[in-house]
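# Structural description and commentary
Each chain is listed here by its residues.
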Amino acid sequence: MTPLSLYLCSLLKKNKLLICYNYLHTHGTPLHLVDRAARKTRLARLLDMNFRAVFRGRVTGKVLAQQSGAKNYREATMCTSSASGQDMTNWLWSIYHETKKQTEALIPVISKNSVNPNTIFANNEMSLHDIEIYGFDYDYTLAFYSRHLHTLIFNIARDILIQEHRYPEGLREYEYIPNFVVRGLHYDVQKALLMKIDAFHYIQLGTVYRGLHPVPDKEVIAMYDGCHVPLENMSDFYGKSSHGHTMKQFMDIFSLPEMNLLCCVNDYFMKHNIDYEPVHLYKDVKAAIGDVHVKGIMYRAVEADMENYISYGEQTHAVLKKLYEDGKKMFLITNSPFDFVDRGMNYIVGKDWRDLFDIVIVQADKPGFFNDRRKPFRRVTDKGVLHWDRIHKLEKGKIYKQGNLYEFLRLTGWRGSKVLYFGDHIYSDLADLTLKHGWRTGAIIPELRKEIKIMNTEQYVHLMTWLQGLTGLIEHMQVHRDPASQSVVQEWIKEREAMRSQTKDIFNSQFGSLFRTYHNPTYFSRRLSRFADIYMASLSCLLNYDFQHTFFPRRTPLQHESPFWPEQTTGGL
């Protein structure tokens, strides 16, 4: 275990201030804290699980006991109940300063407990020993793209709006804004608002944008009668705005230019006082972005300048070679056309890339591929010529188009948990596979690297550790209802709110972390934990593990459970 947990154990035994080991858990993802590649002792694993939820109900009680000389928190509270206003104020601030002092003393130790960005994180226990067949999406799974691609998509779609949909020429003044949006955001089609929503359908105030400008919290609360978005208004299963759903969720990395363009066009119309229908705007932008892909404009641009658009450095070739040499079966199912995939894989892996795969399926039309039984497979030649013959088996070295998963399962017999499929789109790539077909799933989340690096910084560690300590103070001191005490507590609450905004801004000044809305998981994060058995920044993370490795999710105590588990003292650890 890390030095932090051992130090916390020592503090607990000495009846001193206890700061939760779970300091990063508040703003990270449920599985970001531990580098599972590192070996741990039995005691270390025990401490890792035990200290995760121990902060609640402990911190302030310990300090109070020291300050008052009382045997426990209850006595400490009782002995101050009759104190004067000034005495209470002084007493509360003494608790505050002592808590902060001891919190800051832990920062150097906590800072050493960094997370390895190349770790594979588990939502569900899974052993690579059981996996015989590996499947892959192409875009943002085998192939990674530079930010130049987002600029390209934005510019082409913007010009399509102007030339084909007769939008104002003034839109050409707008350029793609890197780091303005994050994945997983929701867009209210009827209100033209982009926002971040948490796992409980609550809007994170401060993250609602109309065009390029934030909407005041009071206005948001008035529009939605609070912050909650009813289930019937949320996006459908695949994140789309359809069948009466007013929200659209942007789940894939290709959606970043689309969100940018929506914001820019909205901004232009508002700036120039142009009356417009938000639903029409959304549909036009969606159509323009679709044309960039469907008409092959993006594909031709990337093929013409591979070095500019494809980021070769994710060690895709090394991963595929390792799997091939270990005798694993491999297949590719992608929505991209064969010419585009072929040129990209030639660039990334080499001309013999097809020798590594047992089955290659292009233009699969996911997620329909996983549900629609009507589309048969069709063989296509290297030059794009379609064959009309019935497909009786899927052969290595040949290329297939469309088809459906049910036919795929019948022809290959590749069923159940011996299959592991990787993709970047939580819905289109992974949801149906895990819910309906029992395949194991791996999510590729490139944003992880950046977020983990931020979480490892001294600034973030300092913010989150004190935020936890301050939250504990507020939780316990709120019981003092006299005016003097409440005045102090209100000051603490304001400080806490300011710190929460800082923790948001440290990831993205508009929308914060991909994984957290302050302390709650985001809507994206909840779906990730449901549909992906494991997740990682890139396929290259697989190079850090052998094929006998088992990934274990941490057993984090539920809110009603004790942080100290009787079964954790057994030899099963």
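The shown structure was predicted, so the numbers you read here are calculated from the model rather than taken from an experiment. (Residues numbered from 1 in each chain as written. Predicted model: local features only at pLDDT ≥ 70, side-chain atom pairs only at ≥ 80, totals over all residues. Heavy atoms only, no water.)

### Regarding the side chain of Thr119
As a reminder of what qualifies: Secondary structure elements follow DSSP: runs of H or I of four or more residues count as helices, runs of E of two or more count as strands, with numbering from the N terminus. In protein, a polar contact means a hydrogen-donor-capable atom and an acceptor-capable atom, both N or O and within 3.5 Å, with residues adjacent in sequence counting only if both atoms are side-chain atoms; elsewhere, any N or O pair within 3.5 Å suffices.
Inspection of the secondary structure assignment puts Thr119 in the loop between α5 (85-111) and β1 (121-122). For Thr119, the side chain forms a polar contact with the main-chain oxygen of Asn116, separated by 2.9 Å.

### A short note on the UniProt feature "active site" (unreviewed entry) in the chain
Operational definition: UniProt positions are given in the numbering used here, feature names are shortened, and annotations may be inferred rather than shown by experiment. For each residue, the accessible area found with a 1.4 Å probe, counting protein chains only, is set against the maximum for its type, and the residue is called buried under 20%, exposed over 50%, and partly exposed in between. When checking whether two residues touch, look at their non-hydrogen atoms; a contact exists if any pair is within 4.5 Å.
The feature "active site" (unreviewed entry), as annotated in UniProt, sits at Asp137 and Asp139 in this numbering. Relative accessible area serves as the criterion here: at 6%, Asp137 is assigned to the buried category. Side-chain polar atoms of Asp137 contact the side chain of Lys366, separated by 2.9 Å. Turning to its location among the elements, Asp139 is positioned in the loop between β3 (133-136) and α6 (148-164). Among residues more than four places away in sequence, those in contact with Asp139 are Tyr145, Phe254, Thr334, Ser336, Phe340 and Asp424.

### Comments concerning the packing of aromatic side chains
Test applied: Each pair of aromatic rings taken from Phe, Tyr and Trp, with Trp reduced to its six-membered ring, is defined by centres within 6.5 Å and is described as stacked if the planes are under 30 degrees apart, edge-to-face if over 60, and tilted in the remaining cases. Put simply, a charge is over a ring when the Lys NZ or the Arg CZ is close to the ring centre, within 6 Å, and near the line of the ring normal, within 35 degrees.
Scanning all chains against the criterion turns up 39 aromatic pairs. On the numbers, 5.7 Å between centres and 15° between planes, the contact of Phe136 with Phe422 is stacked. Residue Phe136 is found in strand β3, and its partner Phe422 is found in strand β13 (residues 419-423); the two are separated by 286 residues along the sequence. Each of the two residues, Phe136 as well as Phe422, counts as buried. Ring centres 6.4 Å apart and planes at 45° place the aromatic pair Tyr421 and Trp439 in the tilted group. In this pair, Tyr421 sits in strand β13 while Trp439 sits in the loop between α15 (426-437) and β14 (440-444), placing the two residues 18 residues apart along the sequence. Owing to a relative accessible area of 1%, Trp439 belongs among the buried residues under this scheme. The side chain of Lys191 reaches across the aromatic face of Tyr224, ending 4.8 Å from its centre.

### Brief notes about the UniProt feature "binding site: Mg(2+)" (unreviewed entry) in the chain
UniProt records the feature "binding site: Mg(2+)" (unreviewed entry) for Asp137 and Asp424 in the present numbering. These annotated residues cover 288 residues of sequence, and their C-alpha atoms lie no more than 7.7 Å from one another, placing them together at a single site. If we skip the residues at most four places from it in the chain, Asp137 touches Leu142, Leu332, Ile333, Thr334, Lys366, Tyr421, Phe422, Gly423, Asp424 and Asp429. With near-sequence residues (within four places) excluded, Asp424 lies in contact with Asp137, Asp139, Tyr140, Thr141, Arg183, Asp252, Ile253, Asp429 and Ile444.

### Focus: the sheet that holds strand β11 (residues 377-380)
Cut-off, in case you're wondering: Paired strands are those between which DSSP finds at least two bridges.
Strand order in the open sheet formed by 9 strands is β1-β17-β14-β13-β3-β9-β10-β12-β11, and the pairing between neighbours is mixed. Whereas interior strands pair on both sides, the edge strands pair on one side only; in this sheet they are β1 and β11. Sheet topology places strand β10 (residues 359-362) next to strand β12 (residues 399-402); 3 bridges connect them, and they run parallel. Across the sheet, the residue bridging to Val360 is Ile399, located in β12.

### Describing the nonpolar core
Basically, it comes down to this: As used in this record, nonpolar core signifies buried Ala, Val, Leu, Ile, Met, Phe, Trp, Tyr and Cys residues forming a set joined through side-chain atoms within 4.5 Å.
Counting 89 residues, the largest nonpolar core has Phe136, Tyr138 and Phe357 as its most contacted members. Residues Val208, Ala364, Ile391 and Tyr421 belong to the second largest nonpolar core, which totals 52 residues.

### Some remarks on the pairing of β13
What counts here: When the strands point away from the viewer, a crossover counts as right-handed if the route from the first strand across the helix to the second turns clockwise.
Burial of β13 is extensive: 5 of the 5 residues sit out of reach of the surface. Residues Val419, Tyr421 and Gly423 line one face of β13 and the alternating positions Leu420 and Phe422 line the opposite face, and both faces are buried. Note that β3 and β13 share 4 bridges and pair parallel. Across the sheet, the residue bridging to Gly135 is Tyr421, located in β13. Pairing of β13 with β14, which is carried by 4 bridges, proceeds in the parallel orientation. When the sheet's bridge partners are listed, Gly423 is paired in β14 with Ala443. With α15 bridging β13 and its parallel neighbour β14, the resulting β-α-β unit is right-handed.

### Remarks on helix α19 (residues 523-531)
Looking at α19, one finds that the buried residues are Tyr523, Phe524, Ser525, Arg527, Leu528 and Phe531. Among the structural elements, β4 (186-188), β8 (247-249), α15, β14, β16 (520-521) and β17 (534-536) are those in contact with the buried residues of α19.

### Some remarks on unusual backbone geometry
The linkage connecting Lys366 with the following residue, Pro367, adopts the cis geometry, with an omega of 5°. Tracing the backbone shows Pro367 in the loop between β10 and β11. Residues other than glycine seldom take positive phi values, yet Tyr140 does so here, at roughly 60°. Among the secondary structure elements, Tyr140 is positioned in the loop between β3 and α6. The exposure class of Tyr140 is buried, given its relative accessible area of 4%. With phi around 65°, Asp365 is a residue other than glycine that occupies positive phi space. Note that Asp365 resides in the loop between β10 and β11.

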